[in-house]
Amino acid sequence: MEKIIIAGFGGQGVLSLGQLIAYAAMYEGKEVTWLPSYGPEMRGGTANCSVVVDDKPVASPVIAVPDCLIAMNKPSLHKFENNVRPGGTVIVNSSLIEDKVARSDVNVRYIDANAIAHSVGNDKAASIVILGAYIKASGLFPEAVMLATIEKVFAAKPKFIPSNKDAFLAGFSA
Amino acid sequence: MSEKKLMKGNEAIAEAAVRGGCRYYFGYPITPQNEIPEYMSWRLPEVGGVFIQAESEISAINMVYGAAGAGGRSMTSSSSPGVSLKQEGISYICGAELPCVIINMVRGGPGLGGIQPAQSDYFQAVKGGGHGDYKMLVYGPATVQEAVDIVYGAFDKAEQYRLPVMILGDGMLGQIMEAVTLPEMRKPGDIKVPEWATVGTHTGADRKIINSLYIEPDVLEALNRTLYARYAAMSEAETMVEEYRVSDAEVIITAYGTVARIAKSTVDILRAAGVKAGLIRPITLYPFPSATYRAAAKKRSVKEFITVELSMGQMVEDVRLAVNGKKPVKFYGRSGGNVMTPEDIARFVTEGK
Amino acid sequence: MSVVYKKSKLLTDTPFHYCPGCAHGIAHKLVAETLEELGQEGNVIGIAPVGCAVFAYNYFNCDMQQAAHGRAPAVATGVKSVYPDKTVFAYQGDGDLASIGMAEIVHAAARGTNITVVFINNAIYGMTGGQMAPTTLEGQKSTTCVYGRKPEINGSPIKVAELLATLDGPSYIARCALDTVKNIRAAKAAVKKAFQNQLDGKGFSLVELLSSCPTNWHMSPLEAMKFVGGEMTKIYPLGVFKNID
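A short tour of the structure in this document, coming up.

1. Some remarks on the pattern of salt bridges
And then number 1: Counted under the stated rule, the structure contains 39 salt bridges over all chains.
And then number 2: A salt bridge links Lys8 of chain B to Glu35 of chain B; its shortest N-O distance comes to 3.1 Å. Of this pair, Lys8 of chain B sits in strand β1 (residues 4-8) while Glu35 of chain B sits in helix α2 (residues 35-46), placing them 27 residues apart in sequence.
And then number 3: Residue Glu37 of chain C is joined to Lys192 of chain C by a salt bridge in which the shortest nitrogen-to-oxygen separation is 2.8 Å. Of this pair, Glu37 of chain C sits in helix α1 (residues 24-37) while Lys192 of chain C is found in helix α8 (residues 181-199), placing the two residues 155 residues apart along the sequence.
And then number 4: Judged by relative accessible area, Lys192 of chain C falls into the partly exposed class, the value being 30%.
And then number 5: Each of Lys29, Glu33, Glu37, Lys188 and Lys192 of chain C takes part in one network of salt bridges that share partners.

2. Things to note about the environment of Met64 of chain C
And then number 1: Residue placement: Met64 of chain C occurs in strand β2 (residues 63-66).
And then number 2: Separated by 35 residues in the primary sequence, Met64 of chain C and Ser99 of chain C have C-alpha atoms spaced 23 Å apart.
And then number 3: Apart from the residues lying within four places of it in its own chain, the contact partners of Met64 of chain C are Thr198, Arg207, Lys208, Ile209 and Ile210 of chain B together with Gly46, Ile47, Ala48, Ala56, Tyr57 and Phe89 of chain C.

3. Let's talk about the side chain of Asn216 of chain C
All names here are of chain C.
And then number 1: Among the structural elements, Asn216 can be located in helix α9 (residues 214-217).
And then number 2: The class for Asn216 is buried, based on a relative accessible area of 14%.
And then number 3: Of the polar contacts made by the side chain of Asn216, one reaches the backbone oxygen of Gly126; its length is 3.3 Å.
And then number 4: The contact partners of Asn216, leaving out residues within four places of it in the chain, are Ile124, Tyr125, Gly126, Gly129 and Gly130.

4. Describing the sheet that holds strand β10 (residues 241-244) of chain B
Residue and element names in this part refer to chain B.
And then number 1: Read from one edge of the open sheet, five strands run β10-β12-β11-β14-β15, paired in mixed fashion. The sheet is open, and its two edges are formed by β10 and β15 (329-333), each paired on a single side. Adjacent strand axes in the sheet meet at a mean angle of 20° when their direction is disregarded.
And then number 2: Pairing of strand β11 (residues 251-254) with strand β14 (residues 304-309), which is carried by four bridges, proceeds in the parallel orientation. Within β14, the position partnered with Thr254 by the bridge is Thr307.

5. Things to note about the interface of chain B and chain C
And then number 1: Counting residues at the interface gives 37 residues for chain B, matched by 34 residues for chain C.
And then number 2: Of the roughly 2,600 Å² buried between chain B and chain C on both sides combined, carbon and sulfur atoms contribute 55%.
And then number 3: Remark: the boundary between chain B and chain C carries two salt bridges.
And then number 4: Taking the shortest distance from any N to any O, the salt bridge between Arg111 of chain C and Glu55 of chain B comes out at 2.8 Å.
And then number 5: Pairing geometry for strand β9 (residues 209-210) of chain B and β2 of chain C, over two bridges, is parallel. Residue pairing for β2 of chain C: Ile209 of chain B is matched across the bridge by Met64 of chain C.

6. Considerations on the arrangement of the chains
And then number 1: Interchain contacts are distributed over two pairs of chains, and the most extensive set of them lies between chains B and C.
And then number 2: With no contact between them, chain A and chain C keep their nearest C-alpha atoms 29 Å apart.

7. Considerations on unusual backbone geometry
Residues and elements named next belong to chain B.
And then number 1: At the junction of Thr31 and Pro32, the peptide bond is cis and its omega measures out at 5° in the coordinates.
And then number 2: In this fold, Pro32 is placed in the loop between β2 (24-27) and α2.
And then number 3: Cis rather than trans, the peptide bond between Gly109 and Pro110 has omega equal to 5°.
And then number 4: By secondary structure assignment, the location of Pro110 is in the loop between β5 (100-106) and α5 (122-126).
And then number 5: In this structure, Asn324 is a non-glycine residue whose phi angle is positive, near 50°.
And then number 6: Residue position: Asn324 is located in the loop between α11 (315-323) and β15.

Basis of the calculations
Residues numbered from 1 in each chain as written. Chains lettered and ligands numbered in written order. Predicted model: local features only at pLDDT ≥ 70, side-chain atom pairs only at ≥ 80, totals over all residues. Heavy atoms only, no water. Salt bridge = Lys/Arg side-chain N within 4 Å of Asp/Glu carboxyl O. Helix = DSSP H or I, 4+ residues; strand = E, 2+ residues; numbered from the N terminus. Buried < 20%, exposed > 50% of the residue type's maximum accessible area, 1.4 Å probe, protein only. Contact = heavy atoms within 4.5 Å. Polar contact = N/O pair within 3.5 Å; in protein donor to acceptor, adjacent residues only side chain to side chain. Pairing = 2+ DSSP bridges. Axes fitted to C-alpha atoms, helices over the stretch in contact; angles between N-to-C directions. Buried area = accessible area lost by both parts, 1.4 Å probe.

So this is what it looks like as structure tokens:
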């Protein structure tokens, strides 16, 4: 079982990032839940979603102790970092978060997502860069599964497929 | 079998209703169920159905009354404050013995309350809500797939028992995305227009009248006895409950809907820590699976029941009625839209707080 | 022997329960005759209100639904959704339509829903025993305004036909009175127009019929009819307020 909390500002692609993981899980024949925060806070405030991937049907979609936290902004890091399971992973979007994770019992990856997204020519794909870094750190799916998922999910907007794949791969090798 | 699709609870429920034969939807916007009217607004015209955004929840439920009385498979959805407004219409629908499906994606109350998940409309759903002696068939699905399967069959049940079927969900069930297998679209020919429907063609002695007014006390009493006989038959045939790791359990946790999923994780956490916990999850909230609780209460191994809800304690009263003093029944709840974690429930079980 | 008058086939044989001098019976007759003349026998669903006409489902010889107080236009909308080719009408009084059901009638009219509404305005709550209606005249006494309706306390009478005629949705809005033979003939023509519009798919139509309530007005039937033609038409002028071709 893998329990992931993805948090950031509304508009940072937090919910879509979680959905991509959920789609990949479904395509891989896994059980999955994607539970978003919802309401007025979505408009410019903080947004988060909880994703649970398992081999058996998911019981609780609510996560108290995540295996991984993906923090896209500073308030999200401070809100959730102490909840991460010892030995778990924290992915920090260092483009927007200058703080360091205070804990020593978790694996931390600092990803300059905005700069990496810019370098591959897709400024809007910072969350996809982060996704690449997360898949690398967690080994949840092979990278080919995520690339195929990006193709399927963006099938209706094919012009976005190459740049999102580039962003994913850049994050994966960051 | 068709391919799995990742769908939001609200959208999956809407699609399941369409596939189950729903062709008439009347509603009014309210968070957190807006995906249902939004989906229906484009989906129903695709299949020759009708979507109307009513001027109020009151009007919406009365449009359901009219369409259901005319024999159309009709549905409305709302969330707590809106469902309060529908209560008048629900009472009339029950009095007139009309079938329909009502979705309540419950949010915190009382009053305008909040928009986050809650289960504080349990009493309203299972004990009446509107005036008069009546019941609905009330389901509390825990997963999107279960909600899909229940909604798909809900119109058949509503027509069989001539009453509203209510799906009592919450904001979580509406907003969560899960992989679902959607059932086949029902063929129009498989759905018969009920013989009592006002289709407009009847005159004289054949006239059909949809009505809930019975001025003669004996006639009204006879109607109520008929309804209650129907509810009794429904209790025999339709009660649904899931038991999880109950056989040797000493602590029975009980919850419904999404909270039951959280509690299921609690059972696993407690079992791993050596506590013999189990879960009873009512799937029908009315009829309530009292017999399952009675049987568990009789077992020597069972020490206590703990009811967990997103309310200040509503279903716990039905649990206490069923357990009938044989064993202690404790309550753990969160309110206002706050949701407990599996660990929160585990702490309550082991530490009592 | 020749037949000079026959009860409409769209009325049942159930005797009306209405009081002597009440115009509901006349209004029922106009609706039933119109439906018969338009060949609608076996093609009609009617909606009965809450109020004196609550038992209308016993009188009209067609499929009927009885609606909650004020909700007849919403119920009619639901029925019409299922059977757009059937003739659907709502029969409502002034408490039902102009008070508790104001939202439902305004929005059915605004949507232009292709139904016909027959609106009985007798300026009083009849069924519940003579309480003030939204259409009660200024100074008129009722059991809840025993000194007469005072605008500063109770507001002024609501003119439903004029109000609904401001909307773009309706195709036909008229007000008639049921007090004299001449006015009743005019009312029949208006009711017929309102149903013909539905058959022609023109959209929402409403006919307001000024009616009598001798029992709760504490008048003889004759005095009541004179009140309709005298006092009521001063506040509620007769005429066609909207007519879209």
